[in-house]
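Structural characterization, general
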Amino acid sequence: MRYHVLIIGLARDGFGVQSFFLGSEEQRRKMDESANAMSLASAREISALARIHRQEYGMERAHQFATYAMMLALFTMLDDPSFDVLDHDFLSLTSAFSITASRSQVGRHLFHIFRESVRSRNQEERVLQSDAVSDEVKELFGRHPSSQLPDRWGNYADGLERYRGSFSSGSWNYTASGVRDMLEKYERLSLGNHNNTHPRRASSPNDGWET
């Protein structure tokens with residue numbers, strides 16, 4: 001997974017040569033398309049690796065880096081203009097992410113932000129109405145209004161209100177607009193730095209995971 005996290009990070013950062021193409025709109029467009037394709041390919045590889053790990057060992061004791069890698073892959077898929085919530089890689093990775101994220105408060109907060117971000121794409125109803133999606137996966141995205149059962153993840157937002165002024169987007173529902181916004185929120189949550197509202201440089205997918 002580390003290899004594919006690195007590839008996503010390099011692609012998102014333009015392989016360190018973006019500045020050379022600022023004067024050429026056509027070259028910049030082609031580079032963005034290539035970077036997006038590489039990012040998506042690595043995100044799908046992370047999903048495939050997570051499936052193998054889950055089948056062989058389960059996800060309950062997966063390394064904490066796996067949570068980070070899966071989160072990065074999920075938001076990479078969400079960033080894609082042609083994002084499809086019914087994509088098999090996306091749904092299986094969401095299920096695996098829900099397991100590892102539940103083991104810590106930071107993970108639970110991240111999963112809440114992820115759910116809200118998916119809902120902001122206005123596609124969760126497609127999951128709930130699909131006969132091809134299992135009830136287990138449907139439950140990850142929400143319930144029909146007629147359901148009387150409690151939301152198992154309803155308390156995952158508990159404590160997030162103290163970070164409200166820290167997130168630069170100022171979004172009360174804590175959606176992440178994309179990979180970089182998600183990384184900023186991840187950094188704030190990981191550091192517990194809810195009082196620091198000073199702007200910082202844009203986070204990179206590889207920050208903090210050099211090993």
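Quick look at the structure, then. (Residues numbered from 1 in each chain as written. Predicted model: local features only at pLDDT ≥ 70, side-chain atom pairs only at ≥ 80, totals over all residues. Heavy atoms only, no water.)

**Quick notes on helix H8 (residues 179-191)**
This is how the line gets drawn: Put simply, DSSP marks the helices as runs of H or I at least four residues long and the strands as runs of E at least two long, and each gets a number from the N terminus on. An expected span of 1.5 Å times one less than the residue number is assigned to each helix. Contacts: residue pairs with any heavy atoms within 4.5 Å of one another.
Across its 13 residues, H8 extends 18 Å between first and last C-alpha, which sits within 8% of the 18 Å expected from 1.5 Å per residue. Buried residues along H8 sit against helix H1 (2-12), helix H3 (64-79) and helix H5 (105-119).

**A look at the pattern of salt bridges**
Which entries qualify depends on this criterion: Salt bridges are identified by distance alone: a Lys or Arg side-chain nitrogen within 4 Å of an Asp or Glu carboxyl oxygen. Three labels apply to residues, based on accessible area from a 1.4 Å probe with only protein chains included: buried if under 20% of the type maximum, exposed if over 50%, partly exposed otherwise in between.
All told, the structure shown has eight salt bridges when counted by the stated rule. Between Glu136 and Arg54 there is a salt bridge; the shortest N-O distance is 3.5 Å. Pair noted here: Glu136 is in helix H7 (residues 135-141) and Arg54 is in helix H2 (residues 25-57), with a separation of 82 residues, a long-range link. Assessed through its relative accessible area of 47%, Glu136 is described here as partly exposed. The exposure class of Arg54 is partly exposed, given its relative accessible area of 30%. Several salt bridges converge on common partners, so that one network encompasses Arg44, Arg51, Asp87 and Asp89.

**Describing the packing of aromatic side chains**
The cut-off we apply is this: Here the aromatic set is Phe, Tyr and Trp, taking the six-membered ring for Trp, and pairing holds for ring centres within 6.5 Å; pairs whose planes are under 30 degrees apart are stacked, those over 60 apart are edge-to-face, and all others are tilted.
Scanning the entire structure with this criterion turns up nine aromatic pairs. Aromatic pair Phe75 and Phe114: ring centres 6.0 Å apart, planes at 75°, arrangement edge-to-face. One end of the pair, Phe75, is in helix H3; the other, Phe114, is in helix H5, with 39 residues separating them in the sequence. The class of Phe75 is buried, set by a relative accessible area of 1%. A relative accessible area of 1% means that Phe114 is categorised as buried. Measuring from ring centre to ring centre gives 5.9 Å for Phe90 and Phe114, while their planes differ by 45°; the resulting arrangement is tilted. With Phe90 in helix H4 (residues 88-101) and Phe114 in helix H5, the pair connects residues that are 24 residues apart, well separated along the chain. The exposure classification of Phe90 matches that of Phe114, with both residues buried.

**Some words on the nonpolar core**
In globular proteins that are soluble, nonpolar side chains generally tend to be buried together. Worth spelling out the cut-off: Definition of nonpolar core: a set of buried residues of the types Ala, Val, Leu, Ile, Met, Phe, Trp, Tyr and Cys, connected through side-chain atoms within 4.5 Å.
Judged by nonpolar contacts, the single largest core of 48 residues is most densely connected at Met70, Phe90, Phe97, Phe114, Phe141 and Met182. Sorting the residues of this core by element identifies H1, H2, H3, H4, H5, H7 and H8 as the ones contributing at least two each. In terms of residues, this core owes the most to one element, H3, which gives twelve residues. Excluding its chain neighbours within four sequence positions, the residues that come into contact with Met70 are Ile46, Ala50, Met59, Leu93, Ala96, Phe97 and Thr100.

**A word on H2**
The end-to-end C-alpha distance of H2, which contains 33 residues, comes to 47 Å, matching closely the 48 Å that a straight helix rising 1.5 Å per residue would cover. At its buried positions, H2 is contacted by H1, H3 and H4. Positive backbone phi, at 85°, marks Gly58, one or two positions downstream of H2.

**Topic: the packing of H4 against H5**
Helices that pack against each other are described as a pair by the angle of their axes relative to one another and the distance between those axes. To be explicit about the condition: Comment: axis = line fitted to C-alpha atoms, over the contacting stretch for helices; angle = value between 0 and 180 degrees taken between N-to-C directions. Convention used here: angles under 35 degrees read as roughly parallel, angles over 145 as roughly antiparallel, angles from 65 to 115 as roughly perpendicular, and any remaining angle as oblique. Throughout, the ten residues Ala, Val, Leu, Ile, Met, Phe, Trp, Tyr, Cys and Pro are labelled nonpolar, Asp, Glu, Lys and Arg are labelled charged, and all others, Gly among them, are labelled polar.
With their axes 9 Å apart at the nearest point, H4 and H5 run at an angle of 150° to one another. It follows from the interaxial angle that H4 and H5 lie roughly antiparallel. Note on element contacts: H5 touches H4 through Gly107, Arg108, Leu110, Phe111, Phe114 and Val118, opposite Phe90, Thr94, Phe97, Ser98 and Ala101. Classifying every residue of the contact of H4 with H5 by side-chain character gives seven nonpolar, three polar and one charged.

**A few points about the environment of Met71**
Mapped onto the elements of the fold, Met71 is located in helix H3. Discounting chain neighbours no more than four positions away, the residues touching Met71 are Phe97, Leu110, Met182 and Tyr186.

**Comments concerning the packing of H2 against H3**
As a reminder of what qualifies: Two helices crossing with the near one rotated counterclockwise from the far one by less than a right angle form a left-handed crossing, whereas a clockwise rotation gives a right-handed crossing.
Between H2 and H3, the shortest axis-to-axis distance is 9 Å and the interhelical angle comes to 135°. Put simply, H2 runs oblique to H3. Note that H2 runs across H3; the crossing there is left-handed. Here Ser39, Leu40, Ala43, Arg44, Ile46, Ser47 and Ala50 of H2 come into contact with H3, specifically with Ala69, Met70, Ala73, Thr76 and Met77.

Nothing here speaks to function; it is geometry throughout.
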